[in-house]
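# Structural description and commentary
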Amino acid sequence: MQSIYAMHQNGSDNIEGQEKFLLHSIDNMQELYLIMLSSLVEIKNAEERFLDLSSKKHLATAAERSPDLKFVNNSVLRMLSENHSLNTSLEDRKINNWYLNEDYIQILLTAVKNSTFYASYMAEPKESFEIDRNFILNIFMEVIVPNEKLYEYLEDNKLTWIDDIPVVNTQIIKELKTLKPEEKEVFRVSKLYKDTEDKEFVSQLFRKTILNETELAKEYIDKTPNWDTERIAEVDTIILKMAICEFLKFPSIPVKVTINEYLEIAKEYSTPKSSIFINGILDNLVREFETTNKIKKTGRGLM
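Residues numbered from 1 in each chain as written. Predicted model: local features only at pLDDT ≥ 70, side-chain atom pairs only at ≥ 80, totals over all residues. Heavy atoms only, no water.

### What to know about the overall build of the chain
Each helix and strand in the chain was counted, giving 16 helices and zero strands. Its C-alpha radius of gyration of 25 Å places the chain more than 25% over the 19 Å reference for a compact globule of 303 residues. C-alpha extents for the chain along the principal axes are approximately 80 × 40 × 35 Å. For the chain, the residues scored as buried account for 44% of the 303 residues in total. The long-range share in the chain, meaning contacts at least 24 apart out of those at least 6 apart in sequence, stands at 80%. Split by element, the accessible area of the chain, about 17100 Å² in all, is 51% carbon and sulfur. Between the mean site of the 38 positive side-chain charges and the mean site of the 50 negative ones, the chain shows a separation of 4 Å. (Helix = DSSP H or I, 4+ residues; strand = E, 2+ residues; numbered from the N terminus. Rg over C-alpha atoms; globule rule 2.2 N^0.38 Å. Buried < 20%, exposed > 50% of the residue type's maximum accessible area, 1.4 Å probe, protein only. Contact = heavy atoms within 4.5 Å. Areas by Shrake-Rupley, 256 points an atom, 1.4 Å probe, with all protein chains shown as cover. Lys, Arg positive; Asp, Glu negative; His and termini not counted. Charge placed at Lys NZ, Arg CZ, Asp CG, Glu CD.)

As structure tokens, then:
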């Protein structure tokens, strides 16, 4: 939707160039995912270095000589730091953001250590994988993710990440919740695409919408009698065209899935009443398409 909107705004007809940027920006999501996941490991490493240096001070206190290692020995942090899949992915993509920006890791470490979650965890006499996992979940969701300095860094690094941050963080939270102590090497870095067909869908939806815009627009123009077509928000027209494109040109995508997806996009990116407007038009179109047998879906439960 954003790529099509960008082409409209620029008056561009360079489909190949915009498609390349689209695929590149999606690929950057994987980099963001790895950066956010590795932040947990780097925070642990930073604290480990701090404790080691403190213990070697000439006038080290008793507490500094024998520090509490509960945080750096957290079983989830250890699991991630020693995970082959994560380390290989970071190496393959040459991700060294935290090495080049250690000050942000220090900011996050300070925020973690100042949190009530840290205080409660360090004071907890019991030890278990579940306690360790819940602590990491809490600091990730409540301390790291909302950190304004981290957000500013990510925003400055790649503008497209602003829309990707919630998706990536939700995925990481889901993965952390499912970690189990006996699955040290079972954890696998998430793939960007489910399969080849999943990746091909990106280009197909983009191209089929762009190349058929006039035809797709004709489907809804007479369904908006109370609206001058020039008054309809441009984002809404793009959303309608993309949804209609899925109705008519993607037989494997259920109608309900299409409607739900585009209503969510409208709520996030368009005007407050857009989702109601779009829902009404799409509902009318589906009824008409079903009557005229224009929608041809394959597989069970696709209507």
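Past the structure itself, the notes keep going.
### Re the side chain of Glu213
With respect to the helices and strands, Glu213 occurs in helix 13 (residues 213-221). Under the relative-accessibility criterion, Glu213 is labelled buried at 15%. Polar side-chain contacts of Glu213 include one of 3.0 Å to the side chain of His8. What Glu213 contacts, discounting residues up to four positions off in sequence, is Ile4, His8 and Lys241. (Polar contact = N/O pair within 3.5 Å; in protein donor to acceptor, adjacent residues only side chain to side chain.)

### Brief notes about a negative patch on the surface
A cluster of like negative charges, contributed by Glu148, Glu152, Glu155 and Asp156, occupies part of the molecular surface. In this structure, Glu148 sits in helix 10 (residues 148-157). (Patch = residues over 30% accessible without salt bridge, like charges linked within 9 Å, V, L, I, M, F, W, Y side chains within 5 Å. Salt bridge = Lys/Arg side-chain N within 4 Å of Asp/Glu carboxyl O.)

### Brief notes about the environment of Tyr153
Along the chain, Tyr153 falls in helix 10. For Tyr153, a relative accessible area of 7% translates into the label buried. Every residue in contact with Tyr153, bar those within four places of it in the chain, is listed here: Asn97, Trp98, Asn101 and Tyr104.

### Some words on the side chain of Asn97
As for its placement among the helices and strands, Asn97 is situated in helix 6 (residues 97-100). On the accessibility criterion, Asn97 (10% relative accessible area) is buried. Asn97 has contacts with Glu31, Ile35, Tyr153 and Asn157, leaving out every residue within four places of it along the chain.

### Let's talk about the packing of aromatic side chains
Going through the model one piece at a time under the given rule, you end up with seven aromatic pairs. With centroids separated by 5.7 Å and ring planes inclined at 70°, the aromatic side chains of Phe71 and Tyr118 adopt a geometry described as edge-to-face. Of this pair, Phe71 sits in the loop between helix 3 (62-65) and helix 4 (75-81) while Tyr118 is found in helix 8 (residues 116-123), placing the two residues 47 residues apart along the sequence. Using a relative accessible area of 2% as the deciding quantity, one classes Phe71 as buried. Since its relative accessible area comes to 12%, Tyr118 is described here as buried. Seen in terms of ring centroids, Trp98 and Tyr153 are 5.6 Å apart; in terms of plane orientation they differ by 40°. Their pairing is tilted. Placement of the pair is Trp98 in helix 6 and Tyr153 in helix 10, with a sequence separation of 55 residues. Of the aromatic side chains, those joined through ring pairs into one cluster are Phe71, Tyr118, Tyr121 and Phe135. A cation over a ring is seen here: Lys70 above Tyr121, with NZ or CZ 4.6 Å from the ring centre. Geometry around Phe250 places Lys208 over its ring, the cationic atom sitting 4.8 Å from the centre. (Phe/Tyr/Trp six-rings, centres within 6.5 Å; stacked < 30°, edge-to-face > 60°. Lys NZ or Arg CZ within 6 Å of the ring centre and 35° of its normal.)

### Examining helix 11 (residues 161-178)
Its 18 residues give helix 11 an end-to-end C-alpha distance of 25 Å, which sits within 8% of 26 Å, the value for a rise of 1.5 Å per residue. Looking at the packing, one finds that the buried side of helix 11 touches helix 2 (15-55), helix 4, helix 9 (129-144) and helix 10. (Expected span 1.5 Å × (residues − 1).)

### Observations concerning helix 2
Between the first and last C-alpha of helix 2 there are 60 Å, a value that for 41 residues agrees with the 60 Å anticipated at 1.5 Å per step. The largest bend along helix 2 measures about 30° and falls at Ser39. (Bend = angle between axes of the 7 residues up to and from the residue.)

### Some points on the packing of helix 7 (residues 102-113) against helix 9
With their axes 10 Å apart at the nearest point, helix 7 and helix 9 run at an angle of 110° to one another. Comparing their axes, helix 9 and helix 7 come out roughly perpendicular. As helix 7 runs across helix 9, the sense of the crossing is right-handed. When helix 7 is examined against helix 9, the residues Leu108, Ala111 and Val112 are found in contact with a partner set consisting of Ile139, Val143 and Ile144. (Axes fitted to C-alpha atoms, helices over the stretch in contact; angles between N-to-C directions. Parallel < 35°, antiparallel > 145°, perpendicular 65-115°, else oblique. Left-handed = near helix turned anticlockwise from the far one by under 90°.)

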